[in-house]
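Chain by chain, the residues:
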Amino acid sequence: RRSSDLSTASCEQSCQIWCRCVQRAVMTLDYLLDGDPDVAPWRKLRGMLLLELKRFSLAQADLDAYLKLQPEAPDAEFIRQQILSIRQWSARNN
């Protein structure tokens, strides 16, 4: 194999591992939020992870819930921008 083939394969494997780790983190947060759905930091974290997985509608729901729980959070404007980006993407792709 050429070195470029190896580096491409290695990159793909790294991406797959990262994706599995993110999915596991989302599953863990699912369980935690089943027990206590009003923990704002968990909502935000799961929303951001779902965004990374391109699960936009679920990400938006969690980020909306985060803002309802913490409307004056220090990062509220950033979260609002993320939600706006999701809505714009959805409008363009539906």
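Residues numbered from 1 in each chain as written. Predicted model: local features only at pLDDT ≥ 70, side-chain atom pairs only at ≥ 80, totals over all residues. Heavy atoms only, no water.

Peer 1: Lay out the overall build of the chain with the relevant residues and their values.
Peer 2: Secondary structure summary: the chain contains 4 helices and 0 strands in total. Order of helices (α) and strands (β) in the chain, N terminus to C terminus: α-α-α-α. The C-alpha atoms of the chain give 16 Å as radius of gyration, which overshoots the globular expectation for 94 residues (12 Å, by more than 25%). Its C-alpha atoms give the chain principal-axis dimensions of roughly 55 × 35 × 25 Å. At a minimum sequence separation of 6, the contacts of the chain that also span at least 24 residues come to 39%. Accessible surface, the chain as shown: approximately 6600 Å² in total, 54% of it carbon and sulfur. Charged side chains in the chain number 13 positive and 12 negative. The centres of these two groups are separated by 7 Å. (Helix = DSSP H or I, 4+ residues; strand = E, 2+ residues; numbered from the N terminus. Rg over C-alpha atoms; globule rule 2.2 N^0.38 Å. Contact = heavy atoms within 4.5 Å. Areas by Shrake-Rupley, 256 points an atom, 1.4 Å probe, with all protein chains shown as cover. Lys, Arg positive; Asp, Glu negative; His and termini not counted. Charge placed at Lys NZ, Arg CZ, Asp CG, Glu CD.)

Peer 1: Account for the nonpolar core, with residues named and values stated.
Peer 2: Note that soluble globular proteins tend to have their nonpolar side chains buried in a common cluster. Ranked by size, the top nonpolar core spans 18 residues in total, and within it Tyr66, Leu67, Ile79 and Ile86 carry the most contacts. Put simply, the parts of the chain that give this core at least two residues each are helix H1 (3-35), helix H2 (40-52), helix H3 (56-69) and helix H4 (76-93). No other element matches the 5 residues that H3 contributes to this core. Look past the residues within four positions of Ile86 in its chain and what remains in contact with it is Leu51, Phe56, Ala59, Gln60 and Leu63. (Core = buried A, V, L, I, M, F, W, Y, C linked by side-chain atoms within 4.5 Å. Buried < 20%, exposed > 50% of the residue type's maximum accessible area, 1.4 Å probe, protein only.)

Peer 1: Outline the side chain of Gln82, listing residues and values.
Peer 2: Inspection of the secondary structure puts Gln82 in helix H4. Taking relative accessible area as the criterion, Gln82 reaches 18% and is therefore assigned buried. Setting aside chain neighbours within four positions, we find Gln82 in contact with Met48, Leu51 and Leu63.

Peer 1: I'd love a proper account of H2, names of residues and values included.
Peer 2: With 13 residues, H2 should reach 18 Å at 1.5 Å per residue; the first-to-last C-alpha distance of 19 Å fits that figure. Among all positions of H2, only Ala40, Arg43, Arg46, Gly47, Leu49, Leu50 and Leu51 are buried. At the exit of H2 stands Lys54, carrying a positive phi of roughly 65°. (Expected span 1.5 Å × (residues − 1).)

Peer 1: For the packing of aromatic side chains, give the residues involved together with the corresponding values.
Peer 2: One pass over the full model with this rule turns up 1 aromatic pair. Geometrically, the ring pair formed by Phe56 and Trp89 is tilted, given 4.3 Å between the ring centres and 45° between the ring planes. Note that Phe56 is positioned in helix H3 and Trp89 in helix H4, a separation of 33 residues in sequence. Using a relative accessible area of 35% as the deciding quantity, one classes Trp89 as partly exposed. (Phe/Tyr/Trp six-rings, centres within 6.5 Å; stacked < 30°, edge-to-face > 60°.)

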